[in-house]
Amino acid sequence: MILTVYVAHRKPITVIYNEERTQQPALKMQIYPARTDGGNHPAVLFFHGGGWITGSPDQFKWFANKFAACGIVSALVEYRVHSRHGVLPDSAVEDAYSAYQWMYQHHAQFEVNPAHIALIGGSAGAHIAAASTLSMNTSLPFALGLLNPVLELTVATESQGYTKEELQLINALGPAKAAELSLGSRLERTDIPTLVIYGSLDPLLPTAYEALLSQTGDSRANLELLVAPGENHGFFNYEPWRTSVANALIEFLRAHGAAADCKLEMNGPVTLRNVRNPGA
């Protein structure tokens, strides 16, 4: 009943998405109902960055508000990080998986089309969003939006922009787990359309090029790579790029079948460069 009231009035509601995991701290997800009429809405779960160490779900609050106004149910996901919970990155990946499963199981309460739930994240948040899908075999997210994602843990160095603390967390995983959580070619699952966006000056981009551009055949068809000229890591948090990235994400969801026919007004003349779209 409480959820129904909040959805009817289009107000954000906070839920605990890991109640079944009694040995974990309660983790919250703030859900913004779609502010358009009708049902069958797409949904997006947003995962903040912070190097698996810190960060806040509020990083994507602007995106959640704009997406909800466009008819996309949006959720800001809290997950475990090292500074607050003393965990390694694999725990954050588990939380991303749990958050997606919660939304999938409760989709009807928010008038969400269960076949159109996407995951979007920035930096480490993009990593855990994508890595959470590696163990999924059914009921997959219908799309991924990865903003300057961490892809390969096994080759992480300070020259790629990692801090000493982040490298310590990766080393603490051990070689086998780090390899298991490295994405690379596995990012290009043929069953999940994926949009990847980097700044051209992001030190993570060369590794991403090597991983993303080496694939052939069917694995190329569902992946799109956009680059913001002259921008560095985290550029999407600021205007005018923030609106440009939001529009690119919404258009990507719409192009893959989501009911998201909306375009935000730009705040400046910037353009994301399409580096790889096999269909273009």
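Everything that follows concerns the structure shown earlier in this document.
What you see is a predicted model, and the numbers here were worked out from it, not measured in a lab.

(A) Inspection of the packing of aromatic side chains at higher detail. All told, the structure shown has 11 aromatic pairs when counted by the stated rule. With 6.2 Å between their ring centres and 50° between their planes, Phe46 and Phe63 make a pair best called tilted. With Phe46 in strand β3 (residues 41-47) and Phe63 in helix α2 (residues 61-69), this pair connects stretches of sequence that are 17 residues apart. In textbook terms, an aromatic cluster arises when at least three aromatic residues are bridged by ring pairs, as seen for Phe46, Phe60, Trp62, Phe63, Phe67, Phe235, Phe236 and Trp241.

(B) Local environment of helix α10 (residues 241-255). Counted at 1.5 Å a residue, the expected span for α10 with its 15 residues is 21 Å, and the 21 Å between its end C-alpha atoms agrees. Most of α10 is tucked away, with 11 of its 15 residues classed as buried. The set of residues buried in α10 consists of Trp241, Thr243, Ser244, Val245, Ala246, Asn247, Ala248, Leu249, Ile250, Phe252 and Leu253. Close packing links the buried residues of α10 with β3, α2, β5 (112-122), β6 (143-147), β7 (194-199) and β8 (223-228). Looking one or two residues past α10, Gly257 carries a phi angle of roughly 105°, positive in sign.

(C) Representation of the pattern of salt bridges in the model. Summed over all chains, the structure comprises five salt bridges. A salt bridge links Arg242 to Glu239; the nearest nitrogen and oxygen atoms lie 3.1 Å apart. Two residues, Arg254 and Glu251, come together in a salt bridge whose shortest N-O distance is 2.7 Å. On the criterion of helical spacing, the pair formed by Arg254 and Glu251 is a turn pair, its members being three residues apart in helix α10. With relative accessibility at 35%, the residue Arg254 sits in the partly exposed group. Take Glu251: its relative accessible area is 37%, and that puts it in the partly exposed class. Beyond isolated ion pairs, a larger network of salt bridges with shared partners links Arg80, Glu94 and Asp95.

What counts and how
Residues numbered from 1 in each chain as written. Predicted model: local features only at pLDDT ≥ 70, side-chain atom pairs only at ≥ 80, totals over all residues. Heavy atoms only, no water. Phe/Tyr/Trp six-rings, centres within 6.5 Å; stacked < 30°, edge-to-face > 60°. Helix = DSSP H or I, 4+ residues; strand = E, 2+ residues; numbered from the N terminus. Expected span 1.5 Å × (residues − 1). Buried < 20%, exposed > 50% of the residue type's maximum accessible area, 1.4 Å probe, protein only. Contact = heavy atoms within 4.5 Å. Salt bridge = Lys/Arg side-chain N within 4 Å of Asp/Glu carboxyl O.

Nothing here speaks to function; it is geometry throughout.
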